[in-house]
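Coordinate inspection notes
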There are 2 protein chains.
Amino acid sequence: MIVTVTLNPALDLTYTVDALVPHGTHRVAAVAERPGGKGLNVAGVLHALGEPVLATGLLGGATGDRVATLLAEQGVPAAFEPIAGETRRTVAVTDRQDATGFWEPGPRIGTGEWAAFAARFRGLLAGADVVTLSGSLPPGVPEDGYAVLIRLAARAGVPTVLDTGGEALRRGLAAGPDLAKPNAHELAALVPGGRPADVLAHGARAVVVSRGPEGLHAQSPEGAWQGIPAAPLTGNPTGAGDACVAALARGLRDRTPWPELVADAVALSAAAVAAPVAGTVDPGLYRRMLPGVTVTDLRTAA
Amino acid sequence: MIVTVTLNPALDLTYTVDALVPHGTHRVAAVAERPGGKGLNVAGVLHALGEPVLATGLLGGATGDRVATLLAEQGVPAAFEPIAGETRRTVAVTDRQDATGFWEPGPRIGTGEWAAFAARFRGLLAGADVVTLSGSLPPGVPEDGYAVLIRLAARAGVPTVLDTGGEALRRGLAAGPDLAKPNAHELAALVPGGRPADVLAHGARAVVVSRGPEGLHAQSPEGAWQGIPAAPLTGNPTGAGDACVAALARGLRDRTPWPELVADAVALSAAAVAAPVAGTVDPGLYRRMLPGVTVTDLRTAA
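Residues numbered from 1 in each chain as written. Chains lettered and ligands numbered in written order. Predicted model: local features only at pLDDT ≥ 70, side-chain atom pairs only at ≥ 80, totals over all residues. Heavy atoms only, no water.

- For chain A, an unreviewed UniProt entry supplies the name Tagatose 6-phosphate kinase and the organism Pseudosporangium ferrugineum.
- Entered under Sequence similarities (unreviewed entry) in the UniProt record, the comment concerning chain A runs "Belongs to the carbohydrate kinase PfkB family." (UniProt positions renumbered as here; feature names shortened; annotations may be inferred.)

Structure, rendered in structure tokens:
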């Protein structure tokens, strides 16, 4: 079982309008609701691939109830710690040109709630093959929150994949996750020059950097690889990084060799870009993409 | 007890942002949630004045649960019919200049749900002194929905105040509500020329037209009156019409003479304009406004 941690999930709302008129009133033609937050996307992709998964994290209030209901409708198993605050919403207003986004702040997490989640997480480790830790920390969770969870997992012999940015990434890396997956922007903020190898000096045992249409760069003590899809992809880039994390978690569980793992992560990310919403993937498309991925061993190439 | 009917309530969200940037992403600085829908504003104002009130209508899903929770936090007694659909949201994005609104469509109401509400409404009439019927009809409620409720109330000897527009107003008037409260826009759409007296020909026993800063015009078989506040008001005009309905409902219950009733409705509307959000009112401000209202008997003046 892969356990996906989402400490700051959301109810993602998409509103379709004709055209966005600042300071006007819009009758929304269509409303779409889905579970939001990077870790829930990871869980959705793994579930779509038929992999055993359990989504955990923090959920509260009527909005949290709605997220739990939508996850259950998707068939994604979940065990969230209830909190007193209201889970946040995001609103994306889509018109004929593009989307306009509004992100609510996350609820404040109490000290007791964070302790209760850590205890729940420790309990879930008994059945976990791999743990993924995705996204931002809500207010009230200590900045070393991911480090705490990574150390608990390591003590239980469960490998971890960390996908976050900023101080949460820096502090999390110090606890030695098995894999970190920053995007190019998060990498550049962490290490001047943005060299993936430098992330290992921060504590991660391996790193995979997602570079959008340019594919992935993997760096581990065993070597370095670059994976590129057959063709540049158009579609919805939201969730491609989460599909990458899903592939990496499965590969860690199965001890997949690096070149094969990189190819798998590139194909799954590419299939996620083609999906209409984040957190879903067409397994058939993913399988068709896989043979077209080019993986280069960067030591041989150099 | 005044029973307020809200068939298409909402969860009203207000997002504070620095500036609205079309096709940008906004971190929302502050989120305010409140029960929305004209009938819930009427209930909120009556409750703030200490008047016994009961809010009813249709609520469903996690959003409906949230509205019920917020009403309970306000202390407003409520007895809503549960529906399978999700109660709608409205989002108002406020920046330093003005607000941009997004209105979700209401949920579709099933035939059985509408019948169940009518039965619930009939049961509530035993304890009702007056009924108010406010706002739009959600999809699935027949266009003569308000007419059905007005006839049930009349059979039980309970007077009704109708505040809606379009076809729901036209069809509702045919059932002979004791009072209709269109605004100037709704009046003009109903009767060419916009003469309040013409509304009586459509079936209402009396009509009060709200004209924003120009106050109110009341027309009944006993006469016609105009009420104007002491000074033009600035603030939040949303909810002023609902405060007017609250005053009219209380006046119907107490058989308040028309000139006094018009003055009361003008003062309460004006106090609502000064309130930061719809559905609330400062009772002290309302009492201070009351002596400044000018009521003119339009027959004497002519």
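1. Looking at the relation of the copies chain B and chain A
- In the superposition of chain B on chain A (RMSD 0.0 Å, axial shift 0.0 Å), the rotation amounts to 180°. The transformation just described matches what one would write down for a two-fold rotation axis. Among all C-alpha atoms of chain B, that of Ala62 of chain B lies closest to the rotation axis, at 2.7 Å.
- When the interface residues of chain B are mapped onto chain A, 100% of them again fall at the interface, so both copies present the same face. (Least-squares fit on C-alpha atoms with pLDDT ≥ 70 in both. Contact = heavy atoms within 4.5 Å.)

2. Quick word on the pairing of strand β12 (residues 207-210) of chain A
Residues and elements named next belong to chain A.
- Of the two faces of β12, the one carrying Val207 and Val209 and the one carrying Val208 and Ser210 are both buried.
- Note that β12 and strand β13 (residues 216-220) share four bridges and pair antiparallel. Paired with Val208 across the bridge in β13 is Ala218. (Buried < 20%, exposed > 50% of the residue type's maximum accessible area, 1.4 Å probe, protein only. Helix = DSSP H or I, 4+ residues; strand = E, 2+ residues; numbered from the N terminus. Pairing = 2+ DSSP bridges.)

3. Quick notes on the environment of Val208 of chain B
Residue and element names in this part refer to chain B.
- Inspection of the secondary structure puts Val208 in strand β12 (residues 207-210).
- Classification of Val208 by relative accessible area gives buried; the value is 1%.
- Taking the C-alpha atoms as reference points, Val208 and Lys181, 27 residues apart in sequence, are found 4.9 Å from one another.
- When residues no more than four places from it in sequence are discounted, the contact partners of Val208 are Leu179, Ala180, Lys181, Pro182, Leu216, His217, Ala218, Cys244, Leu248 and Trp258.

4. A closer look at the UniProt feature "domain: Carbohydrate kinase PfkB" (unreviewed entry) in chain A
- Per the UniProt annotation, the sites labelled "domain: Carbohydrate kinase PfkB" (unreviewed entry) are residues 8-277 of chain A.
- As a span, residues 8-277 of chain A carries 38% helix and 26% strand, and end to end its C-alpha atoms are 19 Å apart.

5. Points about the sheet that holds strand β2 (residues 10-16) of chain A
- With respect to topology, five strands assemble into an open sheet ordered β4(A)-β2(A)-β7(A)-β8(A)-β3(B), the strand pairing being mixed. This sheet does not close on itself; its edge strands, each paired only once, are β4 (30-36) of chain A together with β3 (25-27) of chain B. Taking the axes of each pair of neighbouring strands and ignoring which way they run, one obtains an average angle of 15° across the sheet.
- By the bridge criterion, five bridges tie strand β7 (residues 88-94) of chain A to strand β8 (residues 99-103) of chain A in an arrangement that is antiparallel. By the bridge assignment, Val93 of chain A is partnered in β8 of chain A with Thr100 of chain A.
- Across the face of the sheet, helix α2 (residues 61-74) of chain A comes into contact with β2, β4 and β7 of chain A while running at roughly 85° to β4 of chain A. (Axes fitted to C-alpha atoms, helices over the stretch in contact; angles between N-to-C directions.)

6. Some remarks on the environment of Asp95 of chain B
- Its location among the elements puts Asp95 of chain B in the loop between β7 (88-94) and β8 (99-103).
- A sequence separation of 198 residues divides Asp95 of chain B from Val293 of chain B, and the C-alpha atoms of the two residues are 34 Å apart.
- Ignoring sequence-local partners within four residues, the contact set of Asp95 of chain B consists of His23 of chain A together with Val17, Asp18, Ala19 and Leu20 of chain B.

7. Examining the side chain of Asp12 of chain A
Residues and elements named next belong to chain A.
- As for its position among the elements, Asp12 is in strand β2.
- Of note is the side chain of Asp12, whose polar atom sits 2.6 Å from the side chain of Thr90.
- Here Asp12 is in contact with Ala32, Glu33, Arg34, Gly36, Gly37 and Thr90, once residues within four sequence places are set aside. (Polar contact = N/O pair within 3.5 Å; in protein donor to acceptor, adjacent residues only side chain to side chain.)

8. Digging into the pattern of salt bridges
Residue and element names in this part refer to chain B.
- A full pass over the atoms with the stated rule returns 40 salt bridges over all chains.
- With its nearest N and O atoms 3.2 Å apart, the salt bridge here joins Arg34 to Asp12. In this pair, Arg34 is assigned in strand β4 (residues 30-36) and Asp12 in strand β2 (residues 10-16), connecting sequence segments 22 residues apart. Assigned by exposure class, Arg34 and Asp12 land together as buried. (Salt bridge = Lys/Arg side-chain N within 4 Å of Asp/Glu carboxyl O.)

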